[in-house]
Amino acid sequence: MNADQEMRWSVEELRLTFKSGKTRSVGWRKTQLRAILRLIHENEDTLFQLLKSELGKHPVESYRNEIGVVKKSADRALNCIEKWMSPKKGRLPLVFFPASRKVLPEPLGVVLIIGSWNFPISLTLDPLIGAISAGNTVVLKPSELSPNCASFLANILPSYLDPKAVKVIEGGREVSNQLLQYKWDKIFFTGSTKVGKIVMAAAANNLTPVTLELGGKCPAIFDFLSNSDLKVAAKRVASGKWGPCAGQACIGIDYILVEQKFASTLIEQLKKTIKKFYGDDAKNLKNLLKIINKGHFDRLRSFLEDPAVANCIVYGGSFDDTRLIIEPTILLDPPLDAEIMTEEIFGPLLPIITMDKIEESIEFINSKPKPLALYAFTKSENFKKRILAETSSGSVTFNDTMIQFLCDDLPFGGVGQSGIGRYHGKYSFDTFSHEKAVLERSFYFELEPRHPPWSNFKLQFLRLVYNYDYVGMLLLLLGLKRPSNS
Amino acid sequence: MIKFYRRYPSITHRQHRSFSDLSSNSRFHLPIDIDYTMASEEQAKNSTAPATFDAEAADCLMKELRSTFLDGKTKSYEWRSSQLKSLLKMLEDSDKQICDALFSDLSKPEMEAYIHEIAMIKSSCKLALKKLKDWMKPEKTKTNLGTFPSSAEIVPEPLGVVLIISAWNYPLLLSVDPVIGAIAAGNAVVLKPSELAPAMSSLLAKLLGKYLDSSAIKVVEGAVPETSALLEQKWDKIFYTGNGRVARVVMAAAANNLTPVVLELGGKSPVLVDSNIDLTVTARRILSGKWGCNNGQACVAPDYIITTKQYAPVLIDSLKHNLVKFFGEDPMNSPDLSRVGHSRHFARLKKLLDDDKISGKIIHGGQTDKSNLKIAPTIVLDAPEDSLIMSEEIFGPLLPIVTVEKIEDGIEFINSRPKPLAAYLFTNTKQLKEEFVSNISAGGVVINDVTLHLMVDTLPFGGVGESGTGAYHGKFSFDAFSHKKAVLYRGFFGDAPARYPPYTPGKLRLLKALLDGSLFGIIRALFGFS
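Residues numbered from 1 in each chain as written. Chains lettered and ligands numbered in written order. Predicted model: local features only at pLDDT ≥ 70, side-chain atom pairs only at ≥ 80, totals over all residues. Heavy atoms only, no water.

**What to know about the overall build of chain B**
To keep things clear, this is the line we draw: Strands are runs of DSSP state E lasting at least two residues, helices are runs of H or I lasting at least four, and both sets are numbered from the N terminus onward. Whether two residues touch is decided by their heavy atoms; if any such pair falls within 4.5 Å, the residues are in contact. Values of accessible area rely on a 1.4 Å probe in the Shrake-Rupley scheme; residue burial ignores everything except the protein chains shown.
Along chain B, the regular secondary structure elements total 18 helices and 18 strands. If you take every contact in chain B between residues at least 6 apart in sequence, the share linking residues at least 24 apart comes to 72%. As displayed, chain B has an accessible area near 19600 Å², and 54% of this comes from carbon and sulfur atoms.

See below:
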């Protein structure tokens, strides 16, 4: 069997498993979720080592952004799954009597999850938790740019999860293209906008619904803050920019907007914070991840090739080709038409754009595609209201960064170019479910006017039905109300 | 893209262009059947369509709407509510014109026009008006220990400028119902009514232009070229009602701009009929749902029946008997039956009837009248699975009955086919009901009735798989056209040092406890225990 035939056979096996009904039982789903918890618990050290060697992540970062996230997600799903699976019942107007209605969530079927390289564990296992809780069978396609993590998942998952229901398929672009030709009941993709379009176009061939978790340029608005607040804010900005994967995160801060007169104070505080977090020896930076590969490294370096941009560097700017590490770099007012201000940076370069009044930041943000996350550091309630009402983004976080990711009750997803759909917590369950409307009636109490042949009486009666005019209906039936001719 | 520049073909109710088979691998090339004819002079005179609506016109349209949206006008409660009120007034003032247009396009009886279109849309509008304030309110949500102290909420916001492409069979309902959702959610809207119901298309252009804010809500009439021009634009949402072939084209066009879509499609909605039922009530409900709904031309109309070999004769008898009661001995001349929508559709249905594979299996009806576009209510018994009538969505007055040995076999039969928009079961047996509801995947399921779930605005209406993606009606309409923005509020107090480098084992312990949400764990970690 060649590779393509093997893949097809795997997917076919998943379809048969789904058809057998096994994945629908709450027992099966809970077993899988517990297995995921055991997997990360028993392999925590291996995962720490893997993420350190592949991406340079410190265990704290690995736990905070990957292992801890998966654990929290699986715990939540285990606790809530019965509630999520139960039908939502409700009342009906009297005209339907006797009847009952409910909305029943059901699995979609066989789903494809395409992960990303920057958070190779959480961005595969977290959607997987959603897909399993909802009762689907799954193909997981981890990113080939973090191949060791991909191999780890491919090797370890079959010994914890039901191998006939969850499969890992490794490979690069060719494998992804092949997988996209098949008919899926859902595709969940995390990655770039460019590939998101390709995924959706392929999905269109089979009318497959998609969730696309993409990216964009996530802005951080910086209003005037007191010194003590500024210190906290600077730490949060630094950890929101260089903390997650050295800026290679979809919700990492892309650029900052600040009033001219406040810019230098902010930059000074940021410099202090960077030195504290990462050290000031450019050749020996600590706690900072490397860039994933040479291609991305060169891409980031090319942002600074334009002298007009390079001249704006106010901190950092050194590139270590051997270790693929870029120093946390701050630029002040690079040209707005430079690539660094038009493309998603996805790296440790931080442009700061100044303006006369901070309120201008709203118009600035609106001139660009809707971002996945918008951050605003401000204590002005009015300004917060304006930001909420006048900008659009996947999410908004006031006075912090990244942390909205931990809130399971908040939907996590983009809008416009930053994505379609959402997940986390119950939203993960919903994203992999179909909400089926169910109406049950009885044979009693037939409303004759609903059947032909039509007459004025029936028309009048049904007008009253639609207005829920029960008194009118009764009067009409008793002959105490004459049918009008209109 | 090939650009078509030609006069909008004001089309008579009999001669239409319609979609032929989809051409493959084109970027998004809407299928086109080029045998159309220019309409009568009178219709051309009455047409409100512009001379051409090409890519340039679409660009201008989009610019205007985007500017309106960015001004912020459509976001206010006052604007949304005023538009909905005007819409309601429009419906109240225009009852007669609407009925006339529906009769002209589809020979729709006044009763059907009222109960399936006018009354439903008024109801939808009134609900939106009543609930709008509630729907617009942010929803407070919980936060956890990991983000303490914080507060969170979900804020609904409009998507922006949306495109609604409607269908011909319920040309008022399927155009205006999504528009209600789009307006309630605060968007600017373009409505593209179906050209296959030209009287209603024209009327909608006139009425919406008169009653609603035309700087934010526009109607673009036209057919394939106009739709293609619209699909080239960058929308914030596309809402399409129609068939699966065109839906693929719409979704492919949407993919270019990462535009989210709602696709309200169709499929073969089965009716499984047990023997443990009230026969008369069952037969009448099926008949009303099939022939009383635009003569079978409805996305949720019963497509085919499955029953046991043993019960089939009993059921068929009752169906025939009640058909006569509903539509008389001569249903071709009954005023209570809509005609077939247009000539191309008539030809398709005729082809299903003329299929060799079902010759000898037509047990009731089968008469056709091409000049009046009428087909009699027709029942076909045990058409082979590979016959045309059993392979494609019928969307017309033909009702195949499939017989099985045991009623449970019906469930497997249904599951071996693409997921339908609706699935119906008639039975008094509890176990069969439970099995049906759990094991049949469909957009919606109704037990002991048909199509009625559309009238329950607390139930989401939409398909799954081939029958569609997304849902609407009631609050689901508002949600379909909104983005639910997650908002987290934090202060500067309460900063966990464990978040920041330099990292230490102590910080790792604390972080684990924080993410676990365990207060005890946090205390232990703070005191240095793991």
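Read on for the rest.
**Observations regarding the overall build of chain A**
Convention followed: Under the convention used here, Asp and Glu are negative, Lys and Arg are positive, and both His and the chain ends fall outside the count. Lys charges are placed at NZ, Arg charges at CZ, Asp charges at CG and Glu charges at CD.
Tallying secondary structure elements over chain A gives 18 helices and 18 strands in all. The C-alpha extent of chain A, read off along each of the three principal axes, is 90 × 60 × 35 Å. If you take every contact in chain A between residues at least 6 apart in sequence, the share linking residues at least 24 apart comes to 69%. Surface exposure of chain A reaches about 18400 Å², of which carbon and sulfur atoms provide 53%. Charge-centre separation for chain A: the mean point of 62 positive side chains lies 7 Å from the mean point of 53 negative side chains.

**Section: the nonpolar core**
Rule in force here: As used in this record, nonpolar core signifies buried Ala, Val, Leu, Ile, Met, Phe, Trp, Tyr and Cys residues forming a set joined through side-chain atoms within 4.5 Å. Burial here depends on accessible area, computed with a 1.4 Å probe over protein chains only, as a share of the maximum for the residue type. Under 20% is buried, over 50% is exposed, and the range in between is partly exposed. Boundaries between domains were set according to an automatic or database domain assignment.
Of all hydrophobic cores here, the largest spans 117 residues; its most connected members are A:Leu128, A:Leu157, A:Phe222, A:Ile251, A:Ile256 and A:Leu270. In terms of domain composition, this core takes at least three residues from each of domain 1 (3-214 + 424-435) and domain 2 (219-413) of chain A. Setting aside residues up to four positions removed in sequence, A:Leu270 forms contacts with A:Ala234, A:Val237, A:Ile256, A:Ile330, A:Leu350 and A:Ile352. Membership of the second largest hydrophobic core comes to 108 residues, among which are A:Leu462, B:Leu174, B:Val262 and B:Ala312.

**Details of the environment of B:Asp59**
Residue and element names in this part refer to chain B. Relative to the assigned elements, Asp-59 resides in helix α2 (residues 55-71). Classification of Asp-59 as partly exposed rests on a relative accessible area of 43%. The spatial distance from the C-alpha of Asp-59 to the C-alpha of Phe-461 is 32 Å, given a sequence separation of 402 residues.

**Let's talk about the pattern of salt bridges**
Let me state the cut-off plainly: In the sections that follow, a salt bridge refers to a side-chain nitrogen of Lys or Arg positioned within 4 Å of a carboxyl oxygen of Asp or Glu.
This structure, assessed with the given rule, holds 55 salt bridges over all chains. A salt bridge links A:Arg301 to A:Asp321; the shortest N-O distance between them is 2.9 Å. Here A:Asp321 lies in the loop between β11 (319-320) and β12 (325-326) and A:Arg301 lies in helix α11 (residues 294-303), a separation of 20 residues in the sequence. A:Arg301 gets classed as partly exposed once you look at its relative accessible area, which sits at 27%. According to the relative accessible area criterion, A:Asp321 is partly exposed, its value standing at 37%. We note a salt bridge from B:Arg285 to B:Asp449, for which the minimum N-O separation is 3.7 Å. With B:Arg285 in helix α10 (residues 279-290) and B:Asp449 in the loop between β16 (444-447) and β17 (468-469), this residue pair connects regions lying 164 residues apart in the sequence. One network of salt bridges, with partners in common, ties together A:Arg441, A:Glu446, A:Arg450, B:Arg285 and B:Asp449.

**Observations regarding the interface of chain A and chain B**
Filter applied, for reference: Here the buried area means the combined drop in accessible surface, using a 1.4 Å probe, for two parts upon being joined, counting both sides. Under the rule applied, a polar contact is a pair of N or O atoms within 3.5 Å (in protein, one hydrogen donor and one hydrogen acceptor; residues adjacent in sequence only if both atoms are side-chain atoms).
Between chain A and chain B, the residue contacts involve 110 residues of the former and 104 residues of the latter. Between chain A and chain B the total buried area reaches about 8900 Å² when both faces are included, carbon and sulfur atoms providing 61% of it. Considering only the side of chain A, the residues that lose the most area to chain B are A:Leu207, A:Phe443 and A:Tyr466, jointly responsible for 11% of the buried surface there. A:Glu446 is the salt-bridge partner of B:Arg285, the closest N and O atoms lying 2.7 Å from each other. Where chain A meets chain B, there are 46 residue pairs in polar contact (both at pLDDT 80 or more).

**Looking at a negative patch on the surface**
Selection rule: Each patch is built from residues that are more than 30% exposed by relative accessible area and take part in no salt bridge. Like charges join if they lie within 9 Å; nonpolar side chains (Val, Leu, Ile, Met, Phe, Trp, Tyr) join within 5 Å.
Together, A:Asp356, A:Glu359, A:Glu360 and A:Glu363 make up a region of like negative charge exposed at the surface. For A:Glu360, the location among the structural elements is in helix α14 (residues 360-366).

**Overview of the sheet that holds strand β13 (residues 378-381) of chain B**
Pairing between sheet strands relies on hydrogen bonds along the backbone, with the strands arranged either parallel or antiparallel. The following threshold applies: Between any two strands, pairing holds if DSSP finds at least two bridges. Between N-to-C directions, angles span 0 to 180 degrees; the directions come from axes that are lines fitted to C-alpha atoms, helices contributing only their stretch in contact.
Overall, mixed pairing links the 10 strands, which are arranged β1(A)-β2(A)-β18(A)-β16(B)-β15(B)-β8(B)-β9(B)-β14(B)-β13(B)-β10(B) in an open sheet. Looking at which strands have only one partner, the edges of the open sheet turn out to be β1 (88-90) of chain A together with β10 (362-364) of chain B. Looking at each pair of strands side by side, their axes are set apart by 20° on average, direction ignored. Looking at chain direction, strand β18 (residues 433-441) of chain A and β16(B) are connected through four bridges and run parallel. What sits directly across from A:Ala437, in β16(B), is B:Gly444.

**Looking at the sheet that holds strand β3 (residues 161-165) of chain B**
Residues and elements named next belong to chain B. The mixed open sheet is built from six strands, whose spatial order is β5-β4-β3-β6-β7-β17. Each end of this open sheet is capped by a strand with a single partner; those strands are β5 (217-219) and β17. The pairing of strand β4 (residues 188-192) with β5 spans three bridges and is classified as parallel. Paired with Val-189 across the two strands is Ile-217, which belongs to β5. Strands in contact with helix α8 (residues 224-231) are β3, β4 and β6 (237-241); relative to β3, the strand with the most contacts, it is inclined by about 155°.

**A closer look at the pairing of strand β16 (residues 395-398) of chain A**
Formally: For a crossover, the right-handed case is the one in which the path from the first strand over the helix to the second runs clockwise, viewed with the strands pointing away from the viewer.
Alternating residues of β16(A) divide into A:Ser395 and A:Thr397 and A:Val396 and A:Phe398, and every residue in both groups is buried. The sheet contact formed by strand β15 (residues 373-377) of chain A and β16(A) spans four bridges and is parallel. From the neighbouring strand, A:Tyr375 faces β16(A), where its bridge partner is A:Thr397. Following the backbone out of β15(A), through helix α15 (residues 381-390) of chain A and into the adjacent parallel β16(A), one traces a crossover that is right-handed. Bridge count between β16(A) and strand β18 (residues 482-490) of chain B: four bridges; the pairing is parallel. By the bridge assignment for β18(B), A:Val396 is matched with B:Val487.

**Digging into helix α4 (residues 59-85) of chain A**
Owing to its 3.6 residues per turn, the α-helix brings residues three or four apart onto one side. Counted only if it meets this: Note that the bend at a residue is defined as the angle between axes fitted to the seven residues ending at it and the seven residues starting at it.
Remark: the principal bend of α4(A), roughly 50°, maps to A:Asn79. Judged by how many residues are buried, α4(A) sits mostly within the fold: 19 of 27 residues are covered.

**Regarding α8(B)**
Residues and elements named next belong to chain B. Within α8, eight of the eight residues are buried, leaving the element largely enclosed by the surrounding structure. For α8, the full list of buried residues reads Val-224, Pro-225, Glu-226, Thr-227, Ser-228, Ala-229, Leu-230 and Leu-231. Against the buried residues of α8 lie α2, β3, β4, β6 and α9 (244-256).

**Considering the domain arrangement of chain A**
For chain A, the assigned domains are domain 1 (3-214 + 424-435), domain 2 (219-413) and domain 3 (456-486). Inter-centroid distance (C-alpha atoms) of domain 2 of chain A to domain 3 of chain A is 65 Å.

**A closer look at unusual backbone geometry**
Geometrically, the link from A:Phe97 to A:Pro98 is a cis peptide bond, its omega value of -5° lying close to zero. Structurally, the position occupied by A:Pro98 is in the loop between β1 and β2 (99-107). The omega torsion of the bond from B:Pro501 to B:Pro502 falls at -5°, within 30 degrees of zero and hence cis. Tracing the backbone through its elements, the reader meets B:Pro502 in the loop between β18 and α17 (505-516). Look at A:Asn287: it is not a glycine, yet its phi comes out positive at around 60°. For A:Phe346, which is not a glycine, the phi torsion comes out positive at approximately 55°. Given a relative accessible area of 17%, A:Phe346 falls into the buried group.

**Digging into the packing of helix α3 (residues 77-93) of chain B against helix α7 (residues 198-211) of chain B**
Residues and elements named next belong to chain B. Note the following rule: We call two directions roughly parallel when the angle between them is under 35 degrees, roughly antiparallel when it is over 145, roughly perpendicular when it lies between 65 and 115, and oblique otherwise. By the definition used in this description, the sense in which the near helix is turned from the far one sets the handedness, with an anticlockwise turn below a right angle giving left-handed and a clockwise turn giving right-handed. Residue type decides the class: Asp, Glu, Lys and Arg count as charged, Ala, Val, Leu, Ile, Met, Phe, Trp, Tyr, Cys and Pro as nonpolar, and the leftover types, Gly among them, as polar.
Between α3 and α7, the least distance of the axes is 9 Å, while the angle of their chain directions is 135°. With respect to α7, the axis of α3 lies oblique. In this structure, α3 meets α7 at a crossing whose hand is right-handed. Residues Ser-86, Leu-87, Lys-89, Met-90 and Asp-93 of α3 form the contact with α7, whose participating residues are Leu-207, Leu-208 and Tyr-211. For the contact of α3 with α7, the residue count by class is five nonpolar, one polar and two charged.

**A few points about a nonpolar patch on the surface**
All names here are of chain A. A contiguous nonpolar patch, built from Leu-94, Phe-97, Tyr-444, Phe-445, Tyr-468 and Tyr-470 and spanning about 720 Å² of accessible area, is present on the exposed surface. For Phe-97, the location among the structural elements is in the loop between β1 and β2. Exposure remark for Phe-97: the relative accessible area of 49% places this residue in the partly exposed category.

**Description of the side chain of B:Glu112**
Here B:Glu112 is to be found in helix α5 (residues 110-136). Here B:Glu112 sits buried without a salt bridge, and the closest side chain of opposite charge, B:Lys108, lies 5.0 Å off (N-O distance). Setting aside anything within four residues of it in sequence, one finds B:Glu112 in contact with A:Trp454, B:Glu117, B:Trp291, B:Gly292, B:Cys293, B:Asn294, B:Asp336 and B:Ser338.

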